Every structure is written in C-alpha cells, then in structure tokens.
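# Descriptive analysis of the structure
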Number of protein chains: 2
Amino acid sequence: MKPTDAELEILHVLWTNGPSTVRQVHDALSQSRDLGYTTALKLMQIMVEKGLLTREEDARSHTYTAAVSEEATQQGLVDRFVETAFRGSASKLVMQVLGQHKASREELDEIKLLLDHLNRPDDPA
Amino acid sequence: MKPTDAELEILHVLWTNGPSTVRQVHDALSQSRDLGYTTALKLMQIMVEKGLLTREEDARSHTYTAAVSEEATQQGLVDRFVETAFRGSASKLVMQVLGQHKASREELDEIKLLLDHLNRPDDPA
DNA sequence: TGTTTACTACGAAATTATTCGTAGATGAAT
DNA sequence: ATTCATCTACGAATAATTTCGTAGTAAACA
C-alpha cells in the first residue's frame, strides 16, 4: 500500500497511458533513465504480489493495469510525508510549497478558489 | 543532503530542543517509539559524516547540533516529493493536501493570506 | 523444421537504511 | 583503589529496494 520510488514511476506510466505491457512501460521509462528490461519486469511482478497492479495473462506478453487509483495513492503518500517531514502540520507544507512559487498564477487562483470553499462550507454560493 | 526518515526524526529533536547529547535525543525519541541508545548514537555519528550535524567533543558526552536548517531541509524534501509523487506539479500537491481538511480554519486563513500576497506582488498593501 | 526473437520466471548480487551488541575508556561513587 | 555507571567506537546482522543475468518457453519466420 506504500509504493516505493521505482514503483511510483511505473504507476505513473500506467495511470497516464492505461493498461500496458512490460515492453511499453519499459520503453516509457527508458526515455528518462537507464533501466533494464528485466528490472521493469521484476518490479511489475512484485507489484502484482503487493496488489498494486493486476495482470491479464491472455496473450504471450501480459498486460498490466494499475490496481490503485492515483488519488488514493497520492493521498497516502501525502499523509505519510506530512508526518515525517512536517511533523503533521499540513499547513506548513502548503506554505513551504507556495512560498517557492512553483505554481503558476492560474494554479494559485485555482487554489484560492478551493480555499474559499473550504473556509465557508455553509456559504450558499 | 537528503536525510532519511530516521535522520529526520533526529533533526526534528535538534531543531526543537537545540544542541543536545545523544542521551537527550534518545530520551526524546524513546517517548514515541522503541529505539536502542546505540542506534541513536550510530545514526548521529553517520549524520556527522554526512554533514547533517556538527559535534562538540568538549565534555565526555558530546554535544550535537543540526548543521542544516529546518527550512532548507524541508524545501529539499518538498522538491523531491513533488517530483516523485506528483510528477512536478506543486499545485496538485497543494490541492490534494487542502482537499483533505488536515489544516484548521486558522491555518487555512493564513494560507489564503499568503496566496493574496503571491497573487498581487505589485499590490501596494 | 530449424533458427531467431521476444517474452516470463526466478535467483541472487549490490545498495542503502536501520538496528543493536560488544568492547574499551573515562569519570563518579563507595 | 575498586567498582559501577555512562559514554564512544565500531563491526556486523537484518531488512528493504533496486538491479540484472541466466534459463526456459513459445511464437514468428525463413
């Protein structure tokens, strides 16, 4: 339930491209870094054991699908991260991120909008 | 420059309590989890090698001090986390955090205030 | 049909992180 | 001075992650 870094890379490929073979995942990951084919295979086999992926064995080359959603996974990662890196203070994390202007103005507006809603859950608007 | 989980725990103690001996750090950590004294010692020795801590050897029991600031460390952790978990989208991370109401209303207000400033850097106020 | 190619299975090496035991030294207490 | 408590140093076991090589199998093809 707590994917490692390498596992996250694979999940991202599957979340983005949908169900894929080892070959397809390996091709995608190879564009950004060096990675043996059998390494990708082994990782994906382990991920099936862990329940992170499911596997269709129809054809000769199996097709893998993410068994966990991107949202749920990221939520788990964030929870853990807030605990370990920010001693549980989610707002400190947000402040740290926003203070580093890694988000565009449009993104900031979007966030502000969300905050308005959160601040006034009883607001009719 | 990239502290592990155990190292972060120790850094948090030093950031909070200031320069401390292994004994003091161990006592602090023991309150929340099981940890051998020599484990804490070993970790702190390694952290000195890595440059995460400095050590005063005046007395018999050495005094350790955090050699990295909390802000800089958290910034590094956030950068890395945004990359691995959110493929570089800082705003997605923020949305995920805020959507889970882990922050109090006061904290949300504080964040909103910061956002206002970020949105209008040319604002005289 | 025989050869090449592409795939899976799996063992195991390499790396990193965490853990603790033991040994040795130094200071405190009796 | 001898004993006891406390400290550092350090080797090494354990665990988790990442990596890849080799072997076996089956499809594709010449």
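Look up: the structure comes first, before these words.
A quick note: this is a predicted structure, and the numbers were derived from the prediction, not measured. Counting of residues starts from 1 at the beginning of each chain's written sequence and follows it residue by residue. Written order determines the labels here, with chains lettered from A and ligands numbered from 1. For this predicted model, a pLDDT threshold of at least 70 governs which residues receive local features, and a threshold of 80 or more governs which side-chain atom pairs are given and counted, while totals over whole chains, interfaces and linings are taken from all residues. Only hydrogens and water are set aside; all other atoms, that is, all heavy atoms of the structure, feed into the side-chain values.

### Let's talk about the relation of the copies chain A and chain B
Superposition of chain A onto chain B requires a rotation of 180 degrees combined with a translation of 0.0 Å along the rotation axis, giving an RMSD of 0.2 Å. Each copy turns onto its partner about a two-fold axis. Overlaid copies result from least-squares superposition on C-alpha atoms, with residues included only where pLDDT is at least 70 in both.

### Quick word on the protein's contact with DNA strand D
Contacts to DNA strand D come from 21 residues, most closely from A:Thr4, A:Thr39, B:Arg23, B:Tyr37 and B:Arg60. Here the atoms of DNA strand D within 4 Å of the protein split so that 65% fall in sugar or phosphate, with bases taking the remainder. Between N or O atoms, a polar contact is any pair within 3.5 Å; within protein, one atom must be a potential hydrogen donor and the other a potential acceptor, and residues adjacent in sequence are included only when both atoms are from side chains. Take B:Arg60: an N or O atom from its side chain is 2.7 Å from a base oxygen of DNA strand D. Contact between DNA strand D and B:His62: a phosphate oxygen at 3.1 Å from a main-chain N or O atom of the residue. Numbering goes from the N terminus for both helices and strands, where a helix is a DSSP run of H or I of at least four residues and a strand is a run of E of at least two. Among the elements of the structure, helix H1 (5–17) and helix H3 (37–50) of chain A together with helix H2 (22–30) and helix H3 (37–50) of chain B are those that each provide at least two residues to the surface near DNA strand D. Broken down by element, the residue count for the surface near DNA strand D peaks at five residues, all from H3(B). Whether a residue is near a molecule or strand is decided by its heavy atoms; if any one of them lies within 4 Å of it, the residue is near.

### A look at the sheet that holds strand S1 (residues 20–21) of chain A
Residues and elements named next belong to chain A. Paired strands, in this sense, are two strands between which DSSP finds at least two bridges. With respect to topology, three strands assemble into an open sheet ordered S1-S3-S2, the strand pairing being antiparallel. Whereas interior strands pair on both sides, the edge strands pair on one side only; in this sheet they are S1 and strand S2 (53–56). Of the pairings in the sheet, the one linking S2 to strand S3 (residues 63–66) comprises four bridges and is antiparallel in character. Residue Thr-54 lies in a different strand from S3, and its bridge partner there is Thr-65. Two residues form a contact once any of their heavy atoms are found within 4.5 Å. What counts as an axis is a line fitted to C-alpha atoms, over the stretch in contact for a helix, and the angles between N-to-C directions run from 0 to 180 degrees. Seen against the sheet, H3 touches S1, S2 and S3 and runs at an angle of roughly 105 degrees to S2.

### Here we look at unusual backbone geometry
Residues and elements named next belong to chain A. One non-glycine residue, Arg-87, adopts positive backbone phi at about 45 degrees. Looking at the secondary structure, you find Arg-87 in the loop between helix H4 (70–86) and helix H5 (90–98). Residue exposure (1.4 Å probe, protein chains only): buried if accessible area is under 20% of the type maximum, exposed if over 50%, otherwise partly exposed. For Arg-87, a relative accessible area of 47% puts it in the partly exposed group.

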